[in-house]
Amino acid sequence: MIKFKLKPLNVDNRKRFRSFLSSNEIRNRFIDYFVKENDHKYIKSSPVVPYNDPTIAFVNAGMCQFKSVLLGQRTLAANCVANSQKCIRVGGKHNDLDIVGSDGYHHTFFEMLGNWSFGHYGKAEACHLAWNLLTLPPFNIPTEQLYCTVFNGDTTLDVEADNETLQIWKHIGVNDDHIVMNGVNDNFWEMGETGPCGPCTEIHIDYPPSGGKNLIELWNIVFIQYSREKNTMRKLPNYFIDTGMGLERLTMVLQDKTSTYDTDLFSSIFNIIFNACRISKYTGLYDGTGLDTYYRVLADHGRMITVALSDNMLPSQNHKLRRLIRKSFILAETNFKIQPGYTLMCDIANEVSNSLGNVYPELIKNNEKVKHLIKHEYAIFNKLRISVSKDWKMMVEECPMLKSFNPYEECTGFVPACNYLIKHKNMSNIPAFTLYDAFGLEKKTIGRLAEVMGKPVSWNELDEKLKKLQIKTIKHTEKKSNNYMTGNIPKTDDSFKYEVIRNNNESYLSPVLIAKLLAIVDINGNIVTEPDIKQQGDMVSLVLDKTSFYCKAGGQQNDIGIVTTNNGIVFDVIGVDKIEENGVVLHHIKSRDWPMLLSEKELHVQVDSNNRLGLMRAHSSVHILNSVLNSYLVVTTQLSSCVKKDFMSFTFALFGQTFSLKDALVIEEKVKSVIQSAVSVKRTTVTSNDLNQINVTLLPGEVYPDEVHLIDMYSNVDDSYISREACCGTHVQNTLDVIDFSIVQYKCNINECTIMAVTGPLCTNASDFGQQLLGKSNFVEDLANSTNLNNISPTKVNLLMDNMNQLKSELKNIPQNYIPLKDQIQINKKIFAIERKIQKLTKEKKMQILGDAVKILCEDSYAVGYVECDVAYLNDNCYDFENIIHICGEIPCLFLAYNKEHIHVYLRIPKEHPEDVNWLNNFWNKFDIKPIKFKNKIQFKATEFKVKQVDKYMALKLIDNVIRDVKKNYFSNI
């Protein structure tokens, strides 16, 4: 074991630990002590979103990013490291959420100071390092206040007491009465039911001093020296040291405070809250329901929310995070009277970024993004609050026990779930599976509902049905795998898929690969030994020992190509698939000649280079687009992508931001600029843990394998990365090889936007077709511009409309004929302008024709008659008499027309003249309709209507009768 030369700082020993040290100074002292003075390597904190561990939703301990090292899955270049790790505990075994605010030291977010040794030093060095840091300047904690706990052994585990550590503490000088021996529950650490484990020793402080009654844990030192297996505990040849000390608790002690909330980690946040609300300052009371409790909860949650959002955790993907955000909004508005609640949360986010940004720079970098997400979450929350408040009020009236819940903090399905329970209130048990499966409620929420409603929960049913679903899923997976039973055939080596040769003319060549033919599999998944075309068909799959073909993954389509026999017989590979369970790649061919392959030992494999280049161009353009969007928008994230030959589709989240056609064109130009910048594109391979140490674009919520490919686009001109993204796809080696980029489709709503674009030669094709359509639109525009009121005709209008409909049809037919978005916008503008002009001209012409027809009917005292005009302009079957009635002056009017099996009637009489009730009743009866109320105008009252009459002869006869009657019996008397 290596012996360390401990080098304490040159600080006046008279300074006690109560001399004020800021939290930043305490953190820095810890890091400097291990890194600068004791040769540890500094490893920066991983994000609180775990990249390579699907078993946890948040990073909840300092060891999380080293889990794969502890499991023996990988090694680190450094054998002893130190860091300050951001941690969140809001669920599972380590859940501090419900306690936060009620005491002085629990938090949802905290910083874990830690040092690790991976086989470099042992227990003695670990204990000495910890003891010296705490007791020497500048911390200067009195040794008489420190206590140590040691593992006392366990017969069940067959593990002896940790006497070595006991003797180490005694050698350091810890008195016997300050050493406590504990059992497995307190002093034995395990990662899981199996795997690395070992005894731990803890350093506690009697704080405030009380003769050992107020022991608080400061530092936990774990000795991972065993591996727990099925029924045995195996001793490891080398063991690891894993230590952790909470910064908040250490700061409380060194700043001589009675609570972690009294330290400078929280005081500035309390000031922000007070300055916003001006109600009363934080006083540190612990009465359970007072304002100070809400101060603590809001400050704690504000820290956790800011850190989680800055680490790219999205509320839409994590219900616990969303729930805390909503709870914080409610606290801000209800207890601190801040409206709207998000403003205070944004102020807190600013303060957290300022106070922690020096050690976690991503907080400063992503500050605007964090505040935008908070505002966006408030908009969603407020919309939900408005939509469910009425329903929830009614539910609480019907079931008062629900008052203890806040529906806005729960998941989206909570209110519908409560409604379901109320409607089925006669149920004897709470249907756990229904609430879990149909409404998305967590087990904890189901339990609380059952408790307030006083009903038992059918947990057994939930467990049984979940088990059945799991078995069904396994069977489905097995069935899928069993379709291709490839026996003991080894995994296909597909590492050659990344080997391409770039020529000087920007073309690429996939080299020929000689591979062994291991098996031929028919469509039923059976390995073929005897050919039978009738039974097996002409479609089979080849299994090779290695391949250069890319299987569909990461949104990119698979390669196509050929395999050739030694005799030169060629078979087209129309597709490839990988069996995920065993890594075997299937090469699909369709040929009635496949039986001859049974005698072949090896084949020459070659990917279609032209098709591959199209895929590479499109995939590289996706990365460029993603990078440009991330710099253009305040916050966004990739939702999905699709990569085909020289075509890409990319969907991204908007989080309430607007993204217009104009924005799409700006983005297109930026992508083109990157392409023309001739940026080199390189593939590198890192471990998933290395992702923590570099600035790389990752998908939120994605779990990455131990080995990760990075696609780097690095600009030597700007000396910076244009794009750096984890990706398993294939890419060009220089952005120039993408040739061009043209957006051909844009779909956008309030939540997300999809951009579809083409690359390479398809851009030229799209541009050519766009110019053709622009030419057609120019022809229609010229025709429309030459049309006026004097020369417009039904024939001309129909010609214009036919041409515009054809243009619209071709614009909609994007998948068949790509058209650049900028051309689409220009054409649509022309179509819109032309339609407006034609509508205006047609309306004016209609008024002209209708007015001329009405003018003929005007006599000295009234205007009555059948309106006959060119119906070509009245194909909408609408006679707008109201807009041309001024032609008749102030006389009474009755106009009737017949078109498209309808009689159109317009009746107007002066306002000062009384209505002739008898005549009007007779008038309504003639048309067999109920009386219609007149509309009052300035000087007249008028009514208009139309009635169906299929028979034109009968219609004209009725019209003639009405005209004679009104002239004789009504208008002649006015």
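The model shown is predicted, which means the values in this text are computed figures rather than measured ones. By convention here, each chain's residues receive numbers from 1 onward along its written sequence. pLDDT decides what is reported in this predicted model: residues at 70 or higher carry local features, side-chain atom pairs at 80 or more are listed and counted, and totals for whole chains, interfaces and linings draw on all residues regardless. The basis for every side-chain value is the complete set of heavy atoms in the structure, and neither hydrogens nor water enter the calculation.

(A) Representation of the layout of surface pockets in the model. Site definitions follow a grid-based scheme: protein atoms alone, a 1 Å grid, a 1.4 Å probe that fits but cannot get out for cavities, and for pockets an open set with protein on both sides within 12 Å along at least five of seven lines, plus lining residues having an atom within 4 Å of a point. Grid points are joined across faces, edges and corners, and a volume is the space filled by probe spheres set on the points. Each pocket or cavity is described by its volume, and for the second largest pocket that value is around 1,300 Å³. Surrounding the second largest pocket, 48 residues form its lining, Asn312, Lys365, Asn366, Asn695 and Val696 being those nearest its centre. Residue assignment for the lining of the second largest pocket shows that the elements contributing at least two residues are helix H11 (362-365), helix H12 (367-398), helix H18 (609-632) and strand S24 (720-726). Counting residues per element, the lining of the second largest pocket draws most heavily on S24, which supplies 5 residues. When residue character is reported, Ala, Val, Leu, Ile, Met, Phe, Trp, Tyr, Cys and Pro are called nonpolar, Asp, Glu, Lys and Arg charged, and the others, Gly included, polar. Of the residues in the lining of the second largest pocket, the class split is 20 nonpolar, 18 polar and 10 charged. Here a helix means four or more residues in a row that DSSP labels H or I, a strand means two or more in a row labelled E, and each is numbered from the N terminus.

(B) Focus on helix H6 (residues 247-254). Relative accessible area decides the class of each residue, using a 1.4 Å probe on protein chains only: under 20% of the type maximum gives buried, over 50% gives exposed, and in between gives partly exposed. H6 sits mainly inside the fold: 7 of its 8 residues count as buried. Residues Leu247, Glu248, Leu250, Thr251, Met252, Val253 and Leu254 constitute the buried set of H6. Asp256, located one to two residues past H6, shows a positive phi value of around 60 degrees.

(C) Local environment of the packing of aromatic side chains. Two rings from Phe, Tyr or Trp (for Trp, the six-membered ring) form a pair when their centres sit within 6.5 Å of each other. Planes less than 30 degrees apart are called stacked, planes more than 60 degrees apart edge-to-face, and all others tilted. The tally for this structure, following the rule as stated, stands at 41 aromatic pairs. Judged by centre distance (5.3 Å) and plane angle (75 degrees), the rings of Phe923 and Phe927 are edge-to-face. Considered together, Phe923 and Phe927 belong to a single accessibility category, that of buried residues. Taken together, the aromatic side chains of Tyr862, Trp919, Phe923, Trp924, Phe927, Phe945, Tyr970 and Phe971 make up a single cluster linked through ring pairs. Across the ring face of Tyr286, the terminal group of Arg296 is positioned such that the distance to the ring centre comes to 3.8 Å. Either the NZ atom of lysine or the CZ atom of arginine qualifies as a charge over a ring when it sits within 6 Å of the ring centre and within 35 degrees of the ring normal.

(D) Structural context of the sheet that holds strand S20 (residues 638-644). Spatial ordering of the open sheet is given by S20-S21-S26-S25, a layout of 4 strands whose pairing is antiparallel. Each end of this open sheet is capped by a strand with a single partner; those strands are S20 and strand S25 (741-748). Mean inter-strand twist for the sheet, computed between neighbouring axes without regard to direction, equals 15 degrees. Bridging between S25 and strand S26 (residues 752-759) involves 7 bridges; their strand directions are antiparallel. Its bridge partner being in S26, Lys747 is matched across the sheet by Thr754. Working rule for contacts: check all heavy atoms of both residues, and any pair within 4.5 Å makes them a contact. The angle between two axes is taken between their N-to-C directions and runs from 0 to 180 degrees, where each axis is a line fitted to C-alpha atoms and a helix contributes only its stretch in contact. Where H18 meets the sheet, it contacts S20, strand S21 (647-653), S25 and S26, and its direction lies at approximately 25 degrees from that of S21. Between any two strands, at least two bridges found by DSSP are needed for them to pair.

(E) Highlighting the sheet that holds strand S30 (residues 935-936). The sheet built from 5 strands is open, its strands ordered S27-S28-S29-S31-S30 with mixed pairing. The sheet terminates laterally at strand S27 (863-866) and S30, the two strands that pair on one side only. Taken together, the 7 bridges between strand S28 (residues 893-899) and strand S29 (residues 902-910) define a ladder with antiparallel strand orientation. Looking across to S29, one finds that Ala897 is bridged to His904. Helix H23 (residues 917-926) rests against S28, S29 and strand S31 (940-948) of the sheet, and its axis sits at about 170 degrees to S29.

(F) The side chain of Arg724, seen in detail. Within the secondary structure, Arg724 is located in strand S24. N or O atoms within 3.5 Å of each other form a polar contact, as long as, within protein, one can give a hydrogen and the other can take it, and as long as residues adjacent in sequence are counted only when both atoms are side-chain atoms. Polar contacts involving the side chain of Arg724 include one to the side chain of Tyr721, which spans 3.4 Å.

(G) Focus on the pattern of salt bridges. What counts as a salt bridge is simple: a side-chain nitrogen of Lys or Arg found within 4 Å of a carboxyl oxygen of Asp or Glu. In total, this model carries 32 salt bridges according to the counting rule given. When the shortest N-O distance is used, the salt bridge between Glu442 and Lys320 registers 3.7 Å. Taken as a pair, Glu442 in the loop between helix H14 (432-437) and helix H15 (443-453) and Lys320 in helix H9 (residues 319-334) lie far apart in primary sequence, 122 residues in all. Between Lys941 and Glu915 there is a salt bridge, and its shortest N-O distance comes to 3.7 Å.

(H) Structural view of the pairing of strand S5 (residues 109-118). Among the 10 residues in S5, 10 count as buried, and that is most of the element. Of the two faces of S5, the one carrying Phe109, Glu111, Leu113, Asn115 and Ser117 and the one carrying Phe110, Met112, Gly114, Trp116 and Phe118 are both buried. Note that strand S2 (residues 80-88) and S5 share 9 bridges and pair antiparallel. Note on S5: the bridge partner recorded for Asn83 is Gly114. Taken together, the 5 bridges between S5 and strand S11 (residues 233-246) define a ladder with antiparallel strand orientation. The residue bridging Phe118 from the neighbouring strand is Phe240, located in S11.

(I) Representation of the pairing of S2 in the model. Across the 9 residues of S2, 9 count as buried, placing the element largely inside the fold. With burial as the criterion, each face of S2 is covered, one bearing Cys80, Ala82, Ser84, Lys86 and Ile88 and the other bearing Val81, Asn83, Gln85 and Cys87.

(J) Spatial organisation of the packing of helix H7 (residues 264-277) against helix H8 (residues 291-310). For the pair H7 and H8, the least separation of the axes is 10 Å and the interaxial angle reads 110 degrees. Between H7 and H8, the interaxial angle falls into the category roughly perpendicular. The handedness of the crossing between H7 and H8 is right-handed. Along the contact surface, H7 presents Leu265, Phe266, Ile269, Phe270, Ile273, Phe274 and Cys277, while H8 presents Tyr295, Arg296, Leu298, Ala299, Asp300 and Arg303. Class assignment for the residues of the contact of H7 with H8 results in 10 nonpolar, no polar and 3 charged. Small angles under 35 degrees read as roughly parallel and large ones over 145 as roughly antiparallel, with 65 to 115 read as roughly perpendicular and the rest as oblique. By convention the crossing between two helices is left-handed if the near helix lies anticlockwise of the far one by an angle smaller than a right angle, and right-handed if it lies clockwise.

(K) Here's a closer look at the packing of H7 against helix H10 (residues 342-356). Contact geometry of H7 with H10 gives a least axis separation of 10 Å together with a crossing angle of 155 degrees. Relative to H10, the element H7 is oriented roughly antiparallel. Classified by chirality, the crossing of H10 by H7 is right-handed. Here Leu265, Ser268, Ile269, Ile272, Ile273 and Ala276 of H7 lie close against H10, whose contacting residues are Leu344, Asp347, Ile348, Glu351, Val352 and Leu356. Along the lines of polarity and charge, the residues of the contact of H7 with H10 split into 9 nonpolar, 1 polar and 2 charged.

(L) Focus on the nonpolar core. The nonpolar core is taken to be a set of buried Ala, Val, Leu, Ile, Met, Phe, Trp, Tyr and Cys residues, with the residues joined through side-chain atoms within 4.5 Å. Met304, Trp392, Leu402 and Leu441 are the most contacted members of the largest nonpolar core, which has 83 residues in total. Among the elements of the structure, H7, H8, H9, H10, H12, helix H13 (414-423), H14 and H15 are those that each provide at least two residues to this core. In contact with Met304, not counting residues within four places along its chain, are Phe58, Ile88, Val90, Thr108, Phe109, Leu321 and Leu324. With 43 residues, the next largest nonpolar core counts Ile31, Leu129, Trp131 and Val253 among its residues.

(M) Quick look at unusual backbone geometry. Note the cis peptide between Tyr207 and Pro208, where omega equals -10 degrees. Within the secondary structure, Pro208 sits in the loop between strand S9 (195-206) and strand S10 (215-228). Omega for the peptide link from Gln339 to Pro340 comes to -15 degrees, which places this bond in the cis form. For Pro340, the location among the structural elements is in the loop between H9 and H10. Unusually for a residue other than glycine, Asn312 sits at a positive phi of about 70 degrees. Among the structural elements, Asn312 can be located in the loop between H8 and H9. Here Lys900, not a glycine, exhibits a phi torsion of approximately 50 degrees, which is positive. By the element assignment, Lys900 lies in the loop between S28 and S29.

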